[in-house]
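Descriptive analysis of the structure
The primary structure of each chain is shown beneath.
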Amino acid sequence: YISPVATEDCILGQYTTDGDRPGYLDDSTVPAGSKCPTFATCVLRIHNDRWEGVPFILKAGKALDEKKVE
């Protein structure tokens, strides 16, 4: 089984201005002061003989440095 995801196992964020790259709030279609997350990561824990003790880290977001699917 997979344990319920706890708040302490999750991170939410929003991408910001980085040099020449505009941040989320720089987009004219985004409301000023928006707190909408553009990045999320969480840790899942699967409890069975094979995966006990191995964290599964899931990440998703906009404007990341690289695009990949694994």
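From a predicted model like this one, the values you see are computed outputs, not experimental measurements. (Residues numbered from 1 in each chain as written. Predicted model: local features only at pLDDT ≥ 70, side-chain atom pairs only at ≥ 80, totals over all residues. Heavy atoms only, no water.)

Digging into the overall build of the protein chain
- Of regular secondary structure, the protein chain possesses zero helices and three strands.
- For the protein chain, the sequential pattern of α-helices and β-strands runs β-β-β.
- For a compact globule of 70 residues, the expected C-alpha radius of gyration is about 11 Å, and the protein chain comes in at 16 Å, more than 25% above that figure.
- Dimensions of the protein chain along its principal axes, counting C-alpha atoms only, are 50 × 25 × 15 Å.
- Looking at the protein chain residue by residue over its 70 residues, the buried ones come to 14%.
- Across the protein chain, contacts joining residues at least 24 apart in sequence account for 44% of those joining residues at least 6 apart.
- Positive and negative side-chain charges in the protein chain, numbering 8 and 11 respectively, have mean positions lying 3 Å apart. (Helix = DSSP H or I, 4+ residues; strand = E, 2+ residues; numbered from the N terminus. Rg over C-alpha atoms; globule rule 2.2 N^0.38 Å. Buried < 20%, exposed > 50% of the residue type's maximum accessible area, 1.4 Å probe, protein only. Contact = heavy atoms within 4.5 Å. Lys, Arg positive; Asp, Glu negative; His and termini not counted. Charge placed at Lys NZ, Arg CZ, Asp CG, Glu CD.)

Let's talk about the pairing of strand β2 (residues 39-45)
- By the bridge criterion, four bridges tie strand β1 (residues 10-13) to β2 in an arrangement that is antiparallel. Looking at the pairing, Cys 10 lines up with Cys 42 of β2.
- The pairing of β2 with strand β3 (residues 55-61) spans seven bridges and is antiparallel. Within β3, the residue paired with Arg 45 across the bridge is Pro 55. (Pairing = 2+ DSSP bridges.)

Let's talk about the pattern of salt bridges
- Following the criterion strictly, the structure yields two salt bridges and no others.
- Where Asp 9 meets Arg 45, a salt bridge forms, and the shortest distance between an N and an O atom there is 3.1 Å. With Asp 9 in the segment before β1 and Arg 45 in strand β2, this pair connects stretches of sequence that are 36 residues apart.
- Between Asp 65 and Arg 21 there is a salt bridge; the shortest N-O distance is 3.3 Å. With Asp 65 in the segment after β3 and Arg 21 in the loop between β1 and β2, this residue pair connects regions lying 44 residues apart in the sequence.
- Residue Asp 65 is classed as exposed on the basis of its relative accessible area, which comes to 75%.
- Look at Arg 21 and you get partly exposed, because its relative accessible area is 37%. (Salt bridge = Lys/Arg side-chain N within 4 Å of Asp/Glu carboxyl O.)

Topic: the environment of Ala 60
- As for its position among the elements, Ala 60 is in strand β3.
- C-alpha separation for the pair Ala 60 and Thr 41, spaced 19 residues apart in sequence, amounts to 6.5 Å.

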